[in-house]
Amino acid sequence: MLQEFKKFIAKGNVMDMAVGIIIGAAFTAIVQSVVKDLINPFVGLFTGGIDFTNLFVVLDGSEYASLVEAQQAGAAVFAYGSFINAVINFLIIAFVVFLLVKGVNRVKETMAEEEKEVMPGPVGPTQEQLLIEIRDLMARGTTQV
């Protein structure tokens, strides 16, 4: 079993996956900061500063000033505001990731186009060279090409 584990770890796919997970964790922190520190303030301006996290219904009918207070009291709480907030954050994060991926793809396409320009196309005979060859074959009376 130890030998199989060594073989599994030694495969390139595992190392690629590990690097991807590490970079993904770092990227998550960046995206969360963009959403929290740069985008959410503008969302707050558009929604009038509404804090969705304090929208809740206590299922036993009791009254509490905040969601935290109700949860600390151990009340059964239907916290639909937290769900709304999570959905909004997801949509914002998904849009930011979309923009980032779109930007990376644009850079990749530009680099690929530059590589195509640098690499010469296949070298072959020019049209004139082919016509000269056909002429010479016809002059010799050869019908094979």
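These numbers were taken from a predicted model, which means no experiment stands behind them.

(A) Region of interest: the overall build of the protein chain. Scanning the protein chain from terminus to terminus reveals five helices and two strands. Taken from the N to the C terminus, the helices and strands of the protein chain come in the order α-α-β-α-β-α-α. Expected size for 145 residues packed as a compact globule is a radius of gyration near 15 Å; at 32 Å, the protein chain overshoots this value by more than 25%. Counting only C-alpha atoms, the protein chain reaches 105 × 55 × 25 Å along its principal axes. Out of the 145 residues in the protein chain, the part that is buried amounts to 9%. Restricting to contacts in the protein chain with at least 6 residues of sequence separation, those with at least 24 account for 46%. As presented, the protein chain carries roughly 12,100 Å² of accessible surface, and 67% of it is formed by carbon and sulfur atoms. Of the side-chain charges in the protein chain, 10 are positive and 15 negative, and the distance between the mean point of each set is 12 Å.

(B) Structural view of the nonpolar core. The biggest cluster of nonpolar side chains holds five residues, and these are Phe56, Val58, Leu67, Ala70 and Ala75. In contact with phenylalanine 56, other than residues within four places in its own chain, are Tyr64, Ser66, Leu67, Ala70, Val77, Phe78, Ala79 and Tyr80.

(C) Quick look at the layout of surface pockets. Roughly 160 Å³ of volume is contained in the largest pocket. What lines the largest pocket is a set of ten residues, among which Asn40, Val43, Ile50, Phe52 and Asn85 lie closest to the centre. For the lining of the largest pocket, the secondary structure elements donating two or more residues are α2 (12-46) and α4 (80-118). Of the residues belonging to the lining of the largest pocket, the class tally is four nonpolar, five polar and one charged.

(D) Representation of the packing of aromatic side chains. If you walk through the whole model with that rule in mind, you get two aromatic pairs. With 6.3 Å between their ring centres and 35 degrees between their planes, phenylalanine 78 and tyrosine 80 make a pair best called tilted. The exposure class assigned to tyrosine 80 is partly exposed, which follows from its relative accessible area of 33%.

(E) Seen up close, a negative patch on the surface. Taken together, the side chains of Glu109, Glu113, Glu114, Glu115 and Glu117 present a region of like negative charge at the surface. Along the chain, glutamate 117 falls in helix α4.

(F) The arrangement of the environment of isoleucine 39 in detail. Position of isoleucine 39 among the secondary structure elements: in helix α2. Along the primary structure isoleucine 39 and glutamate 113 are separated by 74 residues, whereas in three dimensions their C-alpha atoms are 34 Å apart. Non-local contacts of isoleucine 39, meaning those with residues more than four positions away in its chain, are made with Val34, Ile92 and Val96.

(G) Molecular detail of the pattern of salt bridges. Within the structure shown, the criterion is met by one salt bridge. In this structure, the salt-bridge partner of arginine 135 is aspartate 136, at a minimum N-O distance of 3.1 Å.

(H) View of a nonpolar patch on the surface. Taken together, the side chains of Val57, Leu59, Phe78, Tyr80, Phe83, Ile84, Val87, Phe90 and Leu91 make up a nonpolar region of the molecular surface, amounting to roughly 880 Å² of accessible area. Among the elements that line the nonpolar patch, the one with the most residues is α4, at six residues. Relative to the assigned elements, phenylalanine 83 resides in helix α4. Residue phenylalanine 83 is classed as exposed on the basis of its relative accessible area of 58%.

Reading guide: rules and limits
Residues numbered from 1 in each chain as written. Predicted model: local features only at pLDDT ≥ 70, side-chain atom pairs only at ≥ 80, totals over all residues. Heavy atoms only, no water. Helix = DSSP H or I, 4+ residues; strand = E, 2+ residues; numbered from the N terminus. Rg over C-alpha atoms; globule rule 2.2 N^0.38 Å. Buried < 20%, exposed > 50% of the residue type's maximum accessible area, 1.4 Å probe, protein only. Contact = heavy atoms within 4.5 Å. Areas by Shrake-Rupley, 256 points an atom, 1.4 Å probe, with all protein chains shown as cover. Lys, Arg positive; Asp, Glu negative; His and termini not counted. Charge placed at Lys NZ, Arg CZ, Asp CG, Glu CD. Core = buried A, V, L, I, M, F, W, Y, C linked by side-chain atoms within 4.5 Å. 1 Å grid on protein atoms, 1.4 Å probe; cavity = no way out; pocket = protein on both sides within 12 Å on 5 of 7 lines; lining within 4 Å. Points joined across faces, edges and corners; volume = space filled by probe spheres on them. Nonpolar A, V, L, I, M, F, W, Y, C, P; charged D, E, K, R; others polar. Phe/Tyr/Trp six-rings, centres within 6.5 Å; stacked < 30°, edge-to-face > 60°. Patch = residues over 30% accessible without salt bridge, like charges linked within 9 Å, V, L, I, M, F, W, Y side chains within 5 Å. Salt bridge = Lys/Arg side-chain N within 4 Å of Asp/Glu carboxyl O.

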